[in-house]
Structures are given as structure tokens and as C-alpha cells.
Amino acid sequence: MTFTTRLRSAAFALMAVALPARGQTVVDGNTIVLEGRHVRLWGIQAPDLHATCSGWPAGEIAAAFLHDLINNRSIACTARGLDVNGKLFGMCRSAGVDVGATMVRKGLAWAAVTYTRDYVELEAAAKADNLAIHAHHCPPLSSDKAEGK
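Since we're looking at a predicted model, the values are computed, not measured.

A. Just the state of the cysteines, in detail. Inspection of every chain in the model, using the stated rule, returns two disulfides. Shown here is the disulfide that connects Cys 53 with Cys 138, its sulfur atoms set 2.0 Å apart. Here the disulfide of Cys 53 and Cys 138 is right-handed, its torsion about the S-S bond being about 125°. Here Cys 53, found in the loop between β5 (44–45) and α2 (58–70), pairs with Cys 138, found in the loop between α4 (120–128) and α5 (143–146); they are 85 residues apart in sequence, far enough to count as distant.

Listed below in C-alpha cells is the structure:
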């Protein structure tokens, strides 16, 4: 199956996905499972699930916040492409709110500038407010790690 065929298939599968909370699962701070399909949130990179910053459980807190953000809400995702490993990127909304934007603005993820600059201003605001990962001086992931390599 070619890259284009996989992307079209993934995009078709996500075009109208809006599921109640029982239909989704949080894997980590930037990945959810919708109808059995892993969807990496478009435009963000959250700390790895078990990452800590000076003892602060950054990854667990990011995942818990994402869970709270989507819990008991309908989720709608639009496919935005595939990462280097073929994982689907989705721009997801929880009850109409951009999930990635919320994660970045609350200081629980970085803007993934390798793919888009959509959330750069939100990251700057979270840094200025010294929120979460910025308050705990968590280092952003390397570009290879952020790309899933």
C-alpha cells in the first residue's frame, strides 16, 4: 500500500469520527485511540509517558490532563497526515475545543514545529506564564524523538 493510499484510507476513516468517551483511550500526552486506531495529536509533542523533570512526573500529568480533556466528551478528528513511522496525525477537537492547542497553552506539550507552526504563539504564552513543563524546566524532545524515530 502506498503512502498516498494509506493516508487517504486513514483520512476517510477519521473524517467523521465523533465518539463518546467510551470510544477513546489516552495512550500518552499526545496520542489517543479512536475506534481502535492510534491518533497522534497534530502539531504537538508532549513528554513521554514516564518522563520526569526534576522529579516532577511530566508525562503522567500530561496524559492525565489529556484524559480529563476528552473524558465524557465527543471527539472529532481530521486526518493531517502520517508521521515517519506511518502513525496517523489528527487535528482533534473535544466538545469543539482544539485538544492540541489546549495541551500547549496549558504548558503540557510543546509546539511540534517540525510539522507546523500552528501552536508556536500558544507555547510562547505558556512559557511566559511559567506553566507546567516550562516551570519545571523540562527539555523539549529532540526533533528525531518528536518525529517518532
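We are not done yet, so read on.
B. The arrangement of the packing of aromatic side chains in detail. Across all of its chains, the model carries three aromatic pairs by this definition. Seen in terms of ring centroids, Trp 42 and Phe 89 are 5.6 Å apart; in terms of plane orientation they differ by 85°. Their pairing is edge-to-face. Note that Trp 42 is positioned in the loop between β4 (37–41) and β5 and Phe 89 in strand β7 (residues 88–94), a separation of 47 residues in sequence. Using a relative accessible area of 2% as the deciding quantity, one classes Phe 89 as buried. When the ring of Trp 42 is compared with that of Tyr 115, the centres are 6.3 Å apart and the planes differ by 55°; the resulting orientation is tilted. Of this pair, Trp 42 sits in the loop between β4 and β5 while Tyr 115 sits in the loop between β9 (110–111) and α4; the two residues are 73 residues apart in sequence, bridging distant segments of the chain. Grouped by ring-pair contacts, the aromatic residues Trp 42, Phe 89 and Tyr 115 constitute a single cluster.

Cut-off values and rules
Residues numbered from 1 in each chain as written. Predicted model: local features only at pLDDT ≥ 70, side-chain atom pairs only at ≥ 80, totals over all residues. Heavy atoms only, no water. Disulfide = S-S within 2.5 Å. Helix = DSSP H or I, 4+ residues; strand = E, 2+ residues; numbered from the N terminus. Phe/Tyr/Trp six-rings, centres within 6.5 Å; stacked < 30°, edge-to-face > 60°. Buried < 20%, exposed > 50% of the residue type's maximum accessible area, 1.4 Å probe, protein only.

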